[in-house]
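Breakdown of the fold
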Amino acid sequence: MILVNELKGLIARKGISQRKVAQKMGITDKTFYSKMKLGKFNSDEMQALIDILDIKNPSEIFFA
């Protein structure tokens, strides 16, 4: 289960918008927001988030 609130907080702390994260991932805003709401990202998307947000401990967010 993905800790969506932690992910949202990390995005905010990095000073980047969710829209910008979606663009960097190559998906639409709507798709990104849907995935955030459901808390479901595939492994490629998780890796993209790790890279974009420079997540040091991904297991704390993605495998909680």
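The paragraphs below set out a description of the structure included in this document. (Residues numbered from 1 in each chain as written. Predicted model: local features only at pLDDT ≥ 70, side-chain atom pairs only at ≥ 80, totals over all residues. Heavy atoms only, no water.)

For Asp54, which is not glycine, the phi dihedral falls at a positive 50°. By secondary structure assignment, the location of Asp54 is in the loop between helix 4 (43-53) and helix 5 (59-62). (Helix = DSSP H or I, 4+ residues; strand = E, 2+ residues; numbered from the N terminus.)

As a further point, take the nonpolar core. Residues Leu7, Phe32, Phe41, Leu49 and Leu53 are the most contacted members of the largest nonpolar core, which totals 19 residues. Mapped by element, the contributors of at least two residues to this core are helix 1 (4-13), helix 2 (18-25), helix 3 (29-38), helix 4 and helix 5. (Core = buried A, V, L, I, M, F, W, Y, C linked by side-chain atoms within 4.5 Å. Buried < 20%, exposed > 50% of the residue type's maximum accessible area, 1.4 Å probe, protein only.)

Viewed as axis vectors pointing N to C, helix 2 and helix 4 meet at an angle of 120°, and their least axial separation amounts to 10 Å. In terms of their interaxial angle, helix 2 and helix 4 are classed as oblique. Considering how the two elements wind past one another, helix 2 and helix 4 form a crossing that is right-handed. From helix 2, Val21, Lys24 and Met25 reach across to helix 4, where they touch Glu45, Ala48, Leu49, Ile52 and Leu53. Along the lines of polarity and charge, the residues of the contact of helix 2 with helix 4 split into six nonpolar, no polar and two charged. (Axes fitted to C-alpha atoms, helices over the stretch in contact; angles between N-to-C directions. Parallel < 35°, antiparallel > 145°, perpendicular 65-115°, else oblique. Left-handed = near helix turned anticlockwise from the far one by under 90°. Contact = heavy atoms within 4.5 Å. Nonpolar A, V, L, I, M, F, W, Y, C, P; charged D, E, K, R; others polar.)

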